[in-house]
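Now for the letters of each chain:
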2 protein chains.
Amino acid sequence: MVMYPMSDMQYQAVYNTLSFALASMMATTMYLWFRSTAVRDQFKSAVIISGLVTFIAAYHYIRIFNSWVEAYTYQVGKADPELTGTPFNDAYRYMDWLLTVPLLLIEILLVMNLDEKTYSVKSKTLGVGAALMIVTGYYGELTVSGDLTSRWECWGLSMCFFLYIVYELLVGLKAATDSEIDPTIKGKIQLAQVMTVISWCTYPVVYLFPMLGITASNAVVAIQIGYCVSDIISKCGVGLVIYQVTYAKSTKGGALLG
Amino acid sequence: MVMYPMSDMQYQAVYNTLSFALASMMATTMYLWFRSTAVRDQFKSAVIISGLVTFIAAYHYIRIFNSWVEAYTYQVGKADPELTGTPFNDAYRYMDWLLTVPLLLIEILLVMNLDEKTYSVKSKTLGVGAALMIVTGYYGELTVSGDLTSRWECWGLSMCFFLYIVYELLVGLKAATDSEIDPTIKGKIQLAQVMTVISWCTYPVVYLFPMLGITASNAVVAIQIGYCVSDIISKCGVGLVIYQVTYAKSTKGGALLG
């Protein structure tokens, strides 16, 4: 992987954002795991899985942070860091998504009114769709400057799977969402779906940064900050909404779900 | 142990796969340990042991990952990493298997309908068989190029114990498997047995890679990725199926097992 020199400001911006994302993931993990005991048995698994998503992300943010630090070094008397020769490994993000994106979809499905068969079919097709979206996206990530043809191709292919998942979340699962009687619970499930879709929409946009004429080192900085923000919304944000849904469902009389 | 130079791509492929396996082991451990509270008392041990298997594997993956990183170093201006002189220690895998393989067999036995005496005999013979399979396999692992005679001999010896365990899982335990009344539970126990056998079958195949004319550095890469995939299926995959068996048995009326 080609590495780009960074100014002090650029280096620090990525470094601090990665650390912020790591802190958010760890804190959300602990909160969700502690609160998993507060919801009814049938929802515990959904809350534990929400915490697993941020747990897995926290692990990868430790790796990404360390990799960033190892790629640059400061010298006495020079303001900007220099390259160490060790490449910054962005593949950690894709390893992370391969595990967390199917789990994120499963945590949403687990709090919805789905019969066992529908749940089983939806979780399989959405899980496979998500894995294909990530694998096809990864190859293009290897190019961030020069000939960007393969990055465009991978983006296009990955977008097909992406649009299928968005369609399923917003349209395919509409009947199940509408079957929620309590308007507060229904609203929160819709919020989780919309937050997922909107925060996911930033990934293909971030992916396009190198094609939008942003120069190499700026593209790297913008990609890292963009992915961090998206990860915090889609993992911490959605996880906390999922917990609220399960908590609301647990405290209701629960005639429907008891 | 002889060390082989790696291209950047080869080095990164192993590095990312090891990290992915580590993340999978940690996440499965946490999920199984949290969910051990959701099953009936008599099955808690099986679920906790399933989590122990992935916990022990996570520890060894941290060691394997660090050993891989310490064996290679990048220099400014060179794309490919260079050898540091520190050997990559693959013995960690055998240390791991020596602990986890008997535990994996025990977690399967624990969820089956076995009387105390049969359980005691089977767990001892299978445990000893597994230990002998691993110890005999280890010696051959020290040779991956040049004269492969000792690798072949070790492979053959190890395969005898391997075939004994496969026979016990698929044939020796058949009566106990067939005694399950619930078809879903029976199906899941068979799934755990078949997943174990199939994922284990990849180990002797991966072991043969150096004999199949795959050149040294490619053999190392293929062995590492192959073992990671097998470990994820046989430890995370089987562990989650074992949890599903215990969960299904716990939520049934349980006249048989109460």
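Keep in mind the model is a prediction, meaning the values are calculated, not measured.

Student: Which residues make up the relation of the copies chain A and chain B, and what values do they have?
Tutor: Take chain A, turn it by 73°, move it 0.2 Å along the axis, and it overlays chain B with an RMSD of 0.1 Å. Here the copies are linked by what is in effect a five-fold axis.

Student: An account of the UniProt feature "transmembrane region" (unreviewed entry) in chain A is requested, with residue identities and associated values reported.
Tutor: Residue and element names in this part refer to chain A. Those residues carrying the UniProt feature "transmembrane region" (unreviewed entry) are residues 13-34, 46-62, 97-114, 126-144, 156-177, 189-209 and 221-243 in this numbering. Structurally, residues 46-62 is divided into 100% helix and 0% strand, and its ends, taken at the C-alpha atoms, are 25 Å apart. Taken end to end, residues 97-114 is 78% helix and 0% strand, and its first and last C-alpha atoms sit 25 Å apart.

Student: A description of the interface of chain A and chain B should follow, citing residues and the corresponding values.
Tutor: Facing the 23 residues of chain A at the interface are 19 residues of chain B. Between chain A and chain B the total buried area reaches about 2000 Å² when both faces are included, carbon and sulfur atoms providing 68% of it. Contact with chain B buries surface across chain A, with A:Ile48, A:Tyr59 and A:Met95 losing the most and accounting together for 21% of the total. Inspection of the chain A/chain B interface yields four residue pairs in polar contact (both at pLDDT 80 or more). Elements with a minimum of two residues in the side of chain A that touches chain B: helix H2 (41-71) and helix H3 (91-110) of chain A. With 10 residues, the top contributor of residues to the side of chain A that touches chain B is H2(A). The class makeup of the residues in the side of chain A that touches chain B is 15 nonpolar, six polar and two charged.

Student: Requested: an account of a nonpolar patch on the surface, with residues and values cited.
Tutor: On the surface, a cluster of nonpolar side chains totalling about 450 Å² of accessible area is made up of A:Tyr167, A:Leu170, A:Val171, A:Val194 and A:Ile198. At three residues, helix H5 (residues 149-172) of chain A tops the list of elements feeding residues into the nonpolar patch.

Student: Account for the environment of A:Val229, naming residues and giving values.
Tutor: Along the chain, the position of A:Val229 falls in helix H8 (residues 216-251). C-alpha of A:Val229 to C-alpha of A:Asn66: the two residues are 163 residues apart in sequence and 19 Å apart in space.

Student: Tell me about the packing of aromatic side chains, and name the residues and values.
Tutor: Under the definition given, this model contains 34 aromatic pairs over all chains. Pairing A:Tyr92 with B:Tyr15 gives two aromatic rings, centres 5.8 Å apart and planes at 35°, and the pair type is tilted. With one member in each of two chains, A:Tyr92 in helix H3 and B:Tyr15 in helix H1 (residues 8-35) form a pair that bridges those chains. For the pair shown, A:Tyr92 and B:Tyr15 are each scored as buried. Taken together, a centroid distance of 5.0 Å and an interplanar angle of 85° make the contact between B:Trp97 and B:Tyr227 edge-to-face. Of the two residues, B:Trp97 sits in helix H3 (residues 91-110) while B:Tyr227 sits in helix H8 (residues 216-251), which places them 130 residues apart along the sequence. Note on accessibility: B:Trp97 and B:Tyr227 belong to one class, buried. Among the aromatic residues, ring-to-ring pairing joins A:Tyr92, B:Tyr11, B:Tyr15, B:Phe65, B:Trp68, B:Tyr72, B:Tyr74 and B:Phe88 into one connected group. The aromatic ring of B:Phe65 is capped on one face by A:Arg63, whose charged end is 3.8 Å from the ring centroid. Lying over the aromatic face of B:Tyr207, B:Arg151 brings its terminal NZ or CZ to 4.3 Å of the ring centre.

Student: A description of the side chain of B:Ser24 should follow, citing residues and the corresponding values.
Tutor: Checked against the element boundaries, B:Ser24 lands in helix H1. The contacts of B:Ser24, once residues within four sequence positions are left out, are A:Leu99, B:Ile232 and B:Cys236.

Student: Would you mind going over the pattern of salt bridges in detail, with residue names and values included?
Tutor: Overall, the coordinates contain 20 salt bridges over all chains when judged by the stated rule. Between B:Arg93 and B:Asp90 there is a salt bridge, with the nearest N and O atoms lying 3.5 Å from each other. Comparing B:Arg93 with B:Asp90 shows no difference in burial state: the two are buried. Bridged by salt links that share partners, the residues A:Asp90, A:Arg93, A:Asp96, A:Asp231 and A:Lys235 form one connected network.

Student: Describe the layout of surface pockets, and please don't skip the residues or the numbers.
Tutor: As a volume, the largest pocket reaches approximately 2100 Å³. Elements with a contribution of two residues or more to the lining of the largest pocket: H2, H3 and helix H4 (116-141) of chain A together with H1, helix H7 (183-208) and H8 of chain B. Tallying contributions element by element places H8(B) first for the lining of the largest pocket, with nine residues. Broken down by class, the residue content of the lining of the largest pocket amounts to 27 nonpolar, 12 polar and eight charged.

Student: Any details on the side chain of B:Ser199? Residues and values, ideally.
Tutor: Residue and element names in this part refer to chain B. With respect to the helices and strands, Ser 199 occurs in helix H7. Polar contacts involving the side chain of Ser 199 include one to the main-chain carbonyl oxygen of Thr 196, which spans 3.2 Å. Leaving out residues up to four positions away in the same chain, Ser 199 has contacts with Ser 230, Ile 233 and Ser 234.

Student: Summarise the nonpolar core; cite the residues concerned and give the values.
Tutor: Counting 108 residues, the largest nonpolar core has A:Trp68, A:Trp200 and B:Trp68 as its most contacted members. Apart from the residues lying within four places of it in its own chain, the contact partners of A:Trp200 are A:Val101, A:Leu104, A:Leu105, A:Met133, A:Phe162, A:Ile165 and A:Ser234. Core analysis: the next-biggest nonpolar cluster, separate from the first, contains 44 residues, B:Cys154, B:Ile165, B:Ile185 and B:Ala192 among them.

Student: Just give me the short version of the environment of A:Arg93, but keep the residues and values in it.
Tutor: Residue and element names in this part refer to chain A. Inspection of the secondary structure assignment puts Arg 93 in helix H3. In this structure the side chain of Arg 93 is engaged in a polar contact, spanning 2.9 Å, whose partner is the side chain of Tyr 61. Within the local environment of Arg 93, its side chain forms a polar contact with the side chain of Gln 224, the two groups lying 2.8 Å apart.

Student: Run through the environment of A:Cys236, naming residues and quoting values.
Tutor: Residue and element names in this part refer to chain A. In this structure, Cys 236 sits in helix H8. We classify Cys 236 as buried; its relative accessible area is 5%. It is 29 Å that separates the C-alpha atoms of Cys 236 and Ala 216, two residues lying 20 residues apart in sequence. Setting aside its immediate chain neighbours within four residues, Cys 236 contacts Ser 24, Met 25, Thr 28, Thr 54 and Asp 231.

What counts, and where the lines are drawn
- Residue numbers here run from 1 along each chain, matching the order of that chain's written sequence.
- Naming scheme: in the order in which they are written, chains are lettered from A and ligands are numbered from 1.
- Since the coordinates come from a predicted model, pLDDT governs what is reported: local features require at least 70, and pairs of side-chain atoms require 80 or more to be given and counted, while whole-chain, interface and lining totals use all residues.
- Excluding hydrogens and water, the side-chain figures rest on all heavy atoms present in the structure.
- Superposing the copies works by least squares over the C-alpha atoms of residues that have pLDDT at least 70 in both of them.
- UniProt positions are given in the numbering used here, feature names are shortened, and annotations may be inferred rather than shown by experiment.
- Only DSSP runs of H or I reaching four residues or more are called helices, and only runs of E reaching two or more are called strands; each is numbered from the N terminus.
- Whether two residues are in contact is decided by their heavy atoms: any pair within 4.5 Å suffices.
- A simple way to read buried area is as the amount of 1.4 Å-probe accessible surface that goes missing from two parts once joined, with both sides added.
- Counted as a polar contact is a pair of N or O atoms within 3.5 Å, where, for protein atoms, one must be capable of donating a hydrogen and the other of accepting one, and residues adjacent in sequence contribute only when both atoms are in side chains.
- Each residue is assigned to one class: nonpolar for Ala, Val, Leu, Ile, Met, Phe, Trp, Tyr, Cys and Pro, charged for Asp, Glu, Lys and Arg, and polar for all the others, Gly among them.
- Residues form patches when they are more than 30% accessible in relative terms and have no salt bridge. Like charges link within 9 Å. Nonpolar side chains (Val, Leu, Ile, Met, Phe, Trp, Tyr) link within 5 Å.
- Calculation of accessible area relied on Shrake-Rupley with a 1.4 Å probe; when residues are assessed, cover is drawn exclusively from the protein chains displayed.
- The rule for a salt bridge is simple: a side-chain nitrogen of Lys or Arg has to be within 4 Å of a carboxyl oxygen of Asp or Glu.
- What counts as a ring pair is set by centres within 6.5 Å for rings of Phe, Tyr and Trp (its six-membered ring), and what kind of pair is set by the plane angle: stacked under 30 degrees, edge-to-face over 60, tilted for all other angles.
- The rule is simple: take the accessible area with a 1.4 Å probe, protein chains only, and divide by the maximum for that residue type; under 20% is buried, over 50% is exposed, in between is partly exposed.
- Only lysine NZ and arginine CZ atoms are considered, and such an atom sits over a ring when it is within 6 Å of the ring centre and within 35 degrees of the ring normal.
- Only protein atoms enter the calculation, which uses a 1 Å grid: trapped sets of points that fit a 1.4 Å probe without letting it out are cavities, open sets showing protein on both sides within 12 Å along at least five of seven lines are pockets, and any residue with an atom within 4 Å of a point is a lining residue.
- Grid points are joined across faces, edges and corners, and a volume is the space filled by probe spheres set on the points.
- Each nonpolar core is a collection of buried residues, namely Ala, Val, Leu, Ile, Met, Phe, Trp, Tyr and Cys, held together in the definition by side-chain atoms within 4.5 Å.

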